[in-house]
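Residue-level structural notes
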Amino acid sequence: MSIRERLYPREQELAVLVRHCGDARYVWNLALEQRNLWVRGRSQKITCNNQMNELSEARKATWLKEGSAAIQQQALRDLDRAFQNWWKRPDHFGRPTWRKKDMNEGFAVRDLSVRRVNRKWGQVFIPKCGWVKFRVTREWSDIETASSARVTLDRSGRWFVSFTRPGPQIERELTGAVVGIDMGVAHTAATSTGQFLDIPKLLSKGEAQRKRRLQRKLARQVKGSKRRSRTKLAIAKLSAKESDRRKDWIEKTTTELVRNYDLIMLEDLKIKNMTRSAKGTVENPGTNVAQKAGLDRAILEQGWGMFRQRLTDKAINAITPVEIIFVNPAYTSMRCSECGHMEPRNRKSQADFCCLACGHTDNADVNAARNVIAAGLAVTERGGTTHAEPTKARHSDPVKRQPAEAA
């Protein structure tokens with residue numbers, strides 16, 4: 001777990017922070033290229049220790065010596081940890097990729113030192129930069145016991161410091177309640193109890209109009225110009241508001257679900273496949289490309305992936321057990337939750353469901369959520385089988401995302 005606080009560097013500190021980001025990105029990419037060029041059969045393997053030694057030699061003869069050795073060494077540890085995670089769980093972690101300017105701006109602080117200035121402000125020590133102040137919004141005892149920190153810069157120009165510490169357990173009591181959840185676009189989530197969990201409007205009407213105007217303006221501007229950079233920054237600030245509001249809603253909603261239910265059934269959606277572009281190729285162009293692109297944006301705006309991840313994390317960290325079961329969503333939208341009759345024509349529209357066999361009517365999303373819970377219970381309680389095969393949530397079990405001890 002990480003505690004993310006807003007960092008407020010002074011003007012003279014900004015250049016040092018930007019330098020650290022560039023050094024960490026350069027060392028990461030250089031070490032990644034070296035690992036990508038390695039082939040089987042070579043006598044010497046590429047390890048983190050070998051790259052550390054090579055970095056020490058490079059610092060003697062290149063501009064790298066002007067930066068912080070601790071920041072650059074930590075970039076190598078981060079890369080090694082990323083490869084370890086990928087090798088251990090390739091189904092969960094992807095292969096490490098390149099870090100890009102203005103997209104992956106950040107660096108890790110290994111030997112962490114923090115001090116409190118007053119009730120609202122604290123300071124963190126950053127190599128070659130000194131004490132940089134940050135806003136304190138969480139319990140100070142959680143911050144001062146952190147083992148490491150990571151400083152990041154988002155695309156809207158905001159600096160953050162994230163303190164790494166063990167995740168807290170969510171306090172809850174056993175309720176015996178069970179719920180099935182169907183994810184959607186018209187309603188972000190519909191529960192088997194008939195409740196709709198809708199994400200609020202992420203941007204106001206005026207903010208959304210301004211973002212569209214800025215995007216059209218960006219398309220007309222010359223790449224590399226200063227005016228285009230200012231427009232990109234203005235769009236990024238609006239996107240940051242959108243992202244912050246989405247995260248806030250997801251955190252509150254998932255916490256409430258974990259506290260209220262002992263068993264949660266959730267659709268096992270392949271979001272990456274669902275939002276894949278339909279444009280096709282020159283030889284085989286796709287159809288309804290614009291409509292599919294609009295649907296993809298609507299799906300991604302709901303934050304299904306983050307919702308699933310945070311729900312799983314909180315269920316694992318709950319004081320009393322909470323079980324998450326992921327169910328194959330196949331046929332849940334066309335199957336009647338009352339009689340089990342399965343027919344595509346059962347679903348009259350996005351919201352209306354009417355079974356042609358028994359006449360049962362319900363909201364289509366709620367009916368799907370009840371099918372999700374039935375599919376999960378068919379296996380967990382009765383030991384039977386169903387068209388939707390559930391899989392239980394498990395730990396990702398990565399290598400700990402905190403600085404490792406020096407080898």
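Residues numbered from 1 in each chain as written. Predicted model: local features only at pLDDT ≥ 70, side-chain atom pairs only at ≥ 80, totals over all residues. Heavy atoms only, no water.

Our focus in this paragraph is the confidence of the model for the chain. If pLDDT is low for a region, its predicted coordinates should not be looked at in detail. Confidence in the prediction for the chain averages 87 pLDDT; 93% of positions are at 70 or higher. Ranking the elements of the chain by mean pLDDT puts strand β15 (residues 391–392) last, at 49, and helix α5 (residues 205–220) first, at 95. For residues 382–391, every residue scores under 50 in pLDDT, and the model assigns this stretch 26 contacts once sequence neighbours within four places are set aside. Every residue in residues 394–407 is under pLDDT 50, and counting partners more than four places away or in other chains gives 35 contacts. (pLDDT = per-residue confidence, 0-100. Helix = DSSP H or I, 4+ residues; strand = E, 2+ residues; numbered from the N terminus. Contact = heavy atoms within 4.5 Å.)

Bringing helix α9 (residues 304–316) into the picture now. In a regular helix each residue adds 1.5 Å, so 13 residues correspond to 18 Å; α9 covers 18 Å between its end C-alpha atoms and thus fits that length. Residues of α9 that are buried include every one of W304, F307, L311, T312, K314 and A315, and no others. Of the surrounding secondary structure, the elements contacted by the buried residues of α9 are β8 (178–183), α6 (226–260), β11 (263–267), α7 (271–274), α8 (289–302) and β12 (323–327). (Expected span 1.5 Å × (residues − 1). Buried < 20%, exposed > 50% of the residue type's maximum accessible area, 1.4 Å probe, protein only.)

Mapped onto the elements of the fold, R119 is located in the loop between β3 (114–116) and β4 (121–126). A C-alpha to C-alpha distance of 33 Å links R119 and I199, two positions 80 residues apart in sequence.

Right, let's talk about the packing of aromatic side chains for a bit. This structure, assessed with the given rule, holds eight aromatic pairs. Where F83 meets W86, the ring centres are 6.1 Å apart and the plane angle is 65°; that geometry is what we call edge-to-face. One end of the pair, F83, and the other, W86, are both in helix α3 (residues 69–88), three residues apart, so they sit about a helical turn from each other. Accessibility expressed as a relative area gives 22% for W86, which makes it partly exposed. (Phe/Tyr/Trp six-rings, centres within 6.5 Å; stacked < 30°, edge-to-face > 60°.)

The next thing to look at is a nonpolar patch on the surface. The grouping of Y26, L30 and W63 at the surface amounts to a nonpolar patch, some 300 Å² of accessible area in total. Among the residues examined, W63 registers a relative accessible area of 39% and is labelled partly exposed. (Patch = residues over 30% accessible without salt bridge, like charges linked within 9 Å, V, L, I, M, F, W, Y side chains within 5 Å. Areas by Shrake-Rupley, 256 points an atom, 1.4 Å probe, with all protein chains shown as cover. Salt bridge = Lys/Arg side-chain N within 4 Å of Asp/Glu carboxyl O.)

Running from amino to carboxyl end, α5 crosses α6 at an angle of 145°, the nearest separation of the two axes being 10 Å. Handedness of the crossing formed by α5 with α6: left-handed. Residues E207, R210, K211, L214, Q215, K217 and L218 of α5 pack against R228, T231, K232, A234, I235, L238, S239, K241, E242 and R245 of α6. In terms of residue class, the contact of α5 with α6 is made up of five nonpolar, three polar and nine charged. (Axes fitted to C-alpha atoms, helices over the stretch in contact; angles between N-to-C directions. Left-handed = near helix turned anticlockwise from the far one by under 90°. Nonpolar A, V, L, I, M, F, W, Y, C, P; charged D, E, K, R; others polar.)

This part covers the state of the cysteines. Think of a disulfide as a covalent bridge from one cysteine sulfur atom to another cysteine sulfur atom. Inspection of the entire model under this criterion finds zero disulfides. No disulfide involves C336; its sulfur sits 3.7 Å from that of C355, the nearest cysteine. In this structure C355 is a free cysteine whose sulfur lies 3.6 Å from that of C339, the closest cysteine sulfur available. (Disulfide = S-S within 2.5 Å.)

Here strand β2 (residues 105–109) runs beside strand β6 (residues 148–153); their pairing, made up of five bridges, is antiparallel. Directly across from E105, in β6, lies its bridge partner L153. For β6 and strand β7 (residues 159–164), the ladder comprises six bridges, and the chain directions are antiparallel. Considered in β7, the bridge of R150 is made with S162. (Pairing = 2+ DSSP bridges.)

In this section: a positive patch on the surface. Where like charges cluster on the molecular surface, the positive patch consists of R210, R212, R213, R216, K217, R220, K226, R227, R230 and K237. Going through the elements one at a time, α5 and α6 are the ones with two or more residues in the positive patch. In terms of residue count, α5 provides more of the positive patch than any other element does, six residues in total. By secondary structure assignment, the location of R210 is in helix α5. (Lys, Arg positive; Asp, Glu negative; His and termini not counted. Charge placed at Lys NZ, Arg CZ, Asp CG, Glu CD.)

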